[in-house]
Amino acid sequence: MYDDELAKERAYVDGLYSRLDELRAEKVEQLGGVRREKSMGTHQNRSERDAFATLYEDRLAQLNAVDDKLVFGRLDLDDGQDRYIGRIGLSSEDQRQLMVDWRAPEAGTFYQATAFERMGVRRRRHLMLQGRTVKAIEDDVLDHTMLVEGEHLQGEGALLAALNSKRTGRMNDIVGTIQSEQDRIIRSPLSGALVVQGGPGTGKTAVALHRAAYLLYTHRERLQAAGVLLVGPSTAFMKYIERVLPSLGETGVVMASVGNLFPGVRATAPETAETAELKGRLAMAQVVANAVANRQRLPREDVRLDVEGTRLILTVRQVRRARDKARATGLPHNEARLTFVKTLLRELTEQLREHIEAAGAGNNADRSYLGEDVRSSRDVRIMLNLCWMPMTPQKLIDDMFSKPEILAAVTPGFTEAERSLLQRAPGAPWSESDVPLLDEAAELLGEMDATGGRAQASAEAQRKRDLANAEKAIANVNQQLEDSGVDGMLTAEQLADYNVVEAAAQTSAERALTDRTWAYGHVVVDEAQELSPMHWRLLVRRCPVKSFTIVGDIAQTSSAAGAISWQQALTPFMGERWTLEELTVNYRTPSQIAEAAVRMANAAGQVVSAPKAVRDGEWEPIVDHVGADGVVAAVVAAMPEETAAVGGGLVAVIAPLALVAETTAALREVYGARIGHGAGSLEQDIVVIDPHEAKGLEFDGVIIMEPVALLAGAGGRVGDLYVAMTRPTRRLRLVTSEPLPEGIVR
């Protein structure tokens, strides 16, 4: 019976792949047809062709991304029908449903039905594919009347097979093995903020990614234009998860690490915990506001200005009045500057006119040139910039931290010790905690037109020239048009539009990534416990409707600026508009390792959630005690045993930052190219990383170097060590020159 059923499923799945190939070929042909059309017709015609090209490209990208494990389940229902569940929905040419998208409401029973609450399902079948071939099937029989004598309920084979598979350095989706607890959270309503608290290995990241795909499917009309932003803790993490959403049929989500949230800045510089904590305080928002106000200055005394040989006086009172008027507009600094400049130029021009008339030049002469004389005066330009300089966010923050007199002026309530933490050299590279400060500065400064409005004026002048040229061109061929009977069918505007060289079409995601002011429809935040209050301030600005999916584990907080509770982190920004869900099952970590990590955290006074591990491992944590100079050598010596134990799977060495380079070099002497280092090396056999880079990742085996040093590097918090201990799916080894933290050994 099994062989017969397997043959039937293979035949059906072959048909699904044939239909997938047909749809791909159809989209390729449609896209080719659009591209073969010449760029002719009206501006609207070209826009429509671009829109169709984008539509076909997006659909083709989706069809290409779902090839692996296209279908993974089948439901046999009480009404006699069967329903196949897969990554996307597929229908035949005559619109007969062949496969249901996993996100559709009718697919929910695949994850939710149980023997106690069947929800109309008699049998749930898991299809396990290798390439395009069904290699095995497994049935969960929910209706006992389907059982034949001697048969019994099966279950969780597909889940355990996925959990025991080797890691590749890239995260796989769990769409075929989503559990009921996870599915309920994935399908939660869109509105408000949903916080998903879960210990290590509970699938928080997978739930977040699948929820993003589900929301885009369910609320397509609302979210497609505004977009969804996915924020992760590091570049390594973003690379690790980058394939998941495309495999779920979604290619338009904006993905950014915390250090890449400000367009044009890649913040990777290291920073002390004390400095990061200080920069993360909400009080820094007022410091940035002070820095902006500090650039709206009054001269100490009245100033003499030379305009074409005439001496004018710019008084402190005039500058104060112009400043007050500009501030009263409520506009950001760079935009309010226009009011400030216009006010003072008008007053100085009037003063120049009075000087000229007092000199007896007559009252009826044309004085229109005086405004330009004042505007172009070097003295006037310098003084206006000294009083109200246009600024970029980068310039404002760099000056604030690198110039002691400015830092002292904008931090009146800070101690000298706190100021010394903030002070740095001019042009220093940006850190992750600088990103919210840059964003705050950009919000207060507004857009800066370095040309003083000349760029817009130039564009308007060019448009006038284009229209004039188009009118001349039409006039030159007027007789030919009349002879052809098409006179009057082509306007100058149409001809000018036709000749415009258009920028390449961008998707919403591409535009959002480069637009700091973009308002997203939903934001997903992973490892959210690490974010500072200033980071939350930035993210809420990105999503004014406050629609969030927030996943993390308070026990894993290692950042000095991170959260000590969800209440403390979110209430200042969300009020009461957030709900808390908790994941309770550990799918990743074997019970022996998970329990050791919990004991260590509890012994250090940290209360952690202890999700139930679904499986036991082969080994208790292994501990190597070595001399202070022998830690690196011990790791090199242990590596053959570790790689053999995990059958050639992925092994990570998680080391204090100070030991990463030395350990990498020592391992490369023996293993050469098999050794990877840092964020870009997760596809190597062996990778050496620090605890920050390890967040959210998983490996077959893990070697932790100097666990006590990991605690010291996190200021005594157990977060870094707790994270490191819970990364392995099979085996954990600790190499230490100091007594182990309490609790690790039973």
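Residues numbered from 1 in each chain as written. Predicted model: local features only at pLDDT ≥ 70, side-chain atom pairs only at ≥ 80, totals over all residues. Heavy atoms only, no water.

K.L.:
Tell me what's going on with the confidence of the model for the protein chain, and back it up with residues and numbers.
P.N.:
Confidence in the prediction for the protein chain averages 86 pLDDT; 87% of positions are at 70 or higher. Taken together, the stretch residues 149-153 has pLDDT below 50 and engages in four contacts with residues farther than four places along the chain or on a different chain. (pLDDT = per-residue confidence, 0-100. Contact = heavy atoms within 4.5 Å.)

K.L.:
Account for the side chain of Q556, with residues named and values stated.
P.N.:
With respect to the secondary-structure elements, Q556 resides in the loop between β13 (548-552) and α25 (566-574). Relative accessible area serves as the criterion here: at 1%, Q556 is assigned to the buried category. (Helix = DSSP H or I, 4+ residues; strand = E, 2+ residues; numbered from the N terminus. Buried < 20%, exposed > 50% of the residue type's maximum accessible area, 1.4 Å probe, protein only.)

K.L.:
Go over the UniProt feature "binding site: ATP" (unreviewed entry) in the protein chain with me, naming the residues and quoting the values.
P.N.:
Taking the numbering used here, the UniProt-annotated feature "binding site: ATP" (unreviewed entry) corresponds to G198, G199, P200, G201, T202, G203, K204 and T205. Along the polypeptide, P200 turns up in the loop between β7 (193-198) and α6 (204-218). By relative accessible area, P200 is classed as buried at 2%. Beyond its immediate chain neighbours, meaning those up to four positions away, P200 contacts D553, Q556, N586, R588, P611, Y722, T726 and R727. Mapped onto the secondary structure, K204 falls in helix α6. Residue K204 is classed as buried on the basis of its relative accessible area, which comes to 8%. Beyond its immediate sequence surroundings of up to four residues, K204 is in contact with V196, G198, G199, V551, G552, D553, Q556 and L583. (UniProt positions renumbered as here; feature names shortened; annotations may be inferred.)

K.L.:
Kindly report on the packing of aromatic side chains, identifying the contributing residues and their values.
P.N.:
Aromatic ring pairs: the centre-centre distance and the angle between the two ring planes describe each pair. For the structure shown, the criterion picks out five aromatic pairs. Residues F110 and Y111 carry aromatic rings whose centres are separated by 5.3 Å and whose planes lie at 90 degrees to one another, so their mutual orientation is edge-to-face. Classification of F110 by relative accessible area gives buried; the value is 3%. Chaining the aromatic ring pairs together yields one cluster made of F72, F110 and Y111. Lying across the ring of W619, R731 places its NZ or CZ 4.8 Å from the centre. (Phe/Tyr/Trp six-rings, centres within 6.5 Å; stacked < 30°, edge-to-face > 60°. Lys NZ or Arg CZ within 6 Å of the ring centre and 35° of its normal.)

K.L.:
Which residues make up the sheet that holds strand β9 (residues 254-257), and what values do they have?
P.N.:
Spatial ordering of the open sheet is given by β9-β8-β12-β13-β7-β14, a layout of six strands whose pairing is parallel. The sheet terminates laterally at β9 and β14 (578-583), the two strands that pair on one side only. Shown here is a sheet whose adjacent strand axes are inclined to one another by a mean of 15 degrees, direction ignored. Sheet strands in contact with α6 are β7, β8 (228-232), β12 (522-525), β13 and β14, and its direction is about 170 degrees off that of β13. (Pairing = 2+ DSSP bridges. Axes fitted to C-alpha atoms, helices over the stretch in contact; angles between N-to-C directions.)

K.L.:
If you had to explain the nonpolar core to someone new, which residues and values would you point to?
P.N.:
By size, the foremost hydrophobic cluster in this structure holds 74 residues, and its most contacted members are I85, W102, I241, F699, I704, Y722 and M725. The residues contacting I85, other than those within four sequence positions of it, are V71, F72, G73, L75, M99, V100, W102, A107 and F110. Counting residues in each nonpolar core, the second largest holds 58 residues, with V195, L445, C543 and A563 among its members. (Core = buried A, V, L, I, M, F, W, Y, C linked by side-chain atoms within 4.5 Å.)

K.L.:
Describe the packing of helix α13 (residues 333-358) against helix α15 (residues 378-387), naming the residues involved and giving the relevant values.
P.N.:
In a pair of packed helices, the angle between the axes and the distance between the axes together describe the arrangement. Where α13 contacts α15, the axes come no closer than 11 Å and their chain directions differ by 140 degrees. By the criterion of interaxial angle, the relationship of α13 to α15 is oblique. Crossing handedness for the pair α13 and α15: right-handed. In this structure, α13 contributes R337, F340, V341, L344, L345 and L348 to the contact, and α15 contributes V380, L384, N385 and C387. Its residues assigned to classes, the contact of α13 with α15 shows eight nonpolar, one polar and one charged. (Parallel < 35°, antiparallel > 145°, perpendicular 65-115°, else oblique. Left-handed = near helix turned anticlockwise from the far one by under 90°. Nonpolar A, V, L, I, M, F, W, Y, C, P; charged D, E, K, R; others polar.)

K.L.:
Can you break down the packing of helix α11 (residues 283-294) against helix α16 (residues 393-402) residue by residue, with the values?
P.N.:
Relative to each other, α11 and α16 sit at 100 degrees, their axes nearing to 10 Å. When the axes of α11 and α16 are compared, the pair comes out roughly perpendicular. Of the residues in α16, those in contact with M284, V287, V288, A291 and V292 of α11 are L396, I397, M400 and F401. Among the residues forming the contact of α11 with α16, the class breakdown is nine nonpolar, no polar and no charged.

K.L.:
Before we move on, can you summarise the sheet that holds strand β6 (residues 133-141) with the specific residues and values?
P.N.:
The sheet built from six strands is open, its strands ordered β3-β4-β2-β1-β5-β6 with mixed pairing. Since the sheet does not close on itself, it has two edges, and those belong to β3 (90-91) and β6, each with one partner. Note that β3 and strand β4 (residues 97-101) share two bridges and pair antiparallel. By the bridge assignment for β4, S91 is matched with Q97. Its contacts with the sheet put helix α1 (residues 2-36) on β1 (71-77), β2 (82-86), β3, β4, β5 (121-130) and β6, and the angle it makes with β6 is roughly 120 degrees.

K.L.:
Any details on the side chain of S92? Residues and values, ideally.
P.N.:
Looking at the secondary structure, you find S92 in the loop between β3 and β4. The residues touching S92, leaving out its near neighbours within four places in the chain, are R19 and L98.

K.L.:
Explain helix α19 (residues 435-445) residue by residue, including any values.
P.N.:
Burial analysis of α19 places nine of its eleven residues in the buried class, the great majority of the element. Restricting attention to buried positions, one finds in α19 the residues V435, P436, L437, L438, D439, E440, A441, A442 and L445. Residues of α19 that are buried sit in contact with α10 (273-279), α11, α13, α16 and α24 (533-542).

K.L.:
Talk me through the pattern of salt bridges; I want residue IDs and the actual numbers.
P.N.:
Pairing of side chains with opposite charge becomes possible as their charged atoms draw close. Taken as a whole, this structure holds 53 salt bridges when the rule is applied. Here D67 ties to R24 by a salt bridge, and the two come within 2.9 Å at their closest N and O atoms. With D67 in the loop between α2 (43-65) and β1 and R24 in helix α1, the pair connects residues that are 43 residues apart, well separated along the chain. Across the pair R123 and D139 runs a salt bridge, and its minimum N-O distance is 3.6 Å. Here R123 is found in strand β5, whereas its partner D139 is found in strand β6, with 16 residues between them in sequence. Looking at D139, the relative accessible area reads 13%, which means it is buried. Residues joined by salt bridges that share partners form a network here, namely E5, K8, E9, R74, D76, R123, R125 and D139. (Salt bridge = Lys/Arg side-chain N within 4 Å of Asp/Glu carboxyl O.)

K.L.:
Account for unusual backbone geometry, naming residues and giving values.
P.N.:
The phi dihedral of K69 falls on the positive side, at around 55 degrees, and the residue is not glycine. With respect to the secondary-structure elements, K69 resides in the loop between α2 and β1. Phi is positive for Q95, close to 70 degrees, though the residue is something other than glycine. Following the sequence through the fold, Q95 ends up in the loop between β3 and β4.

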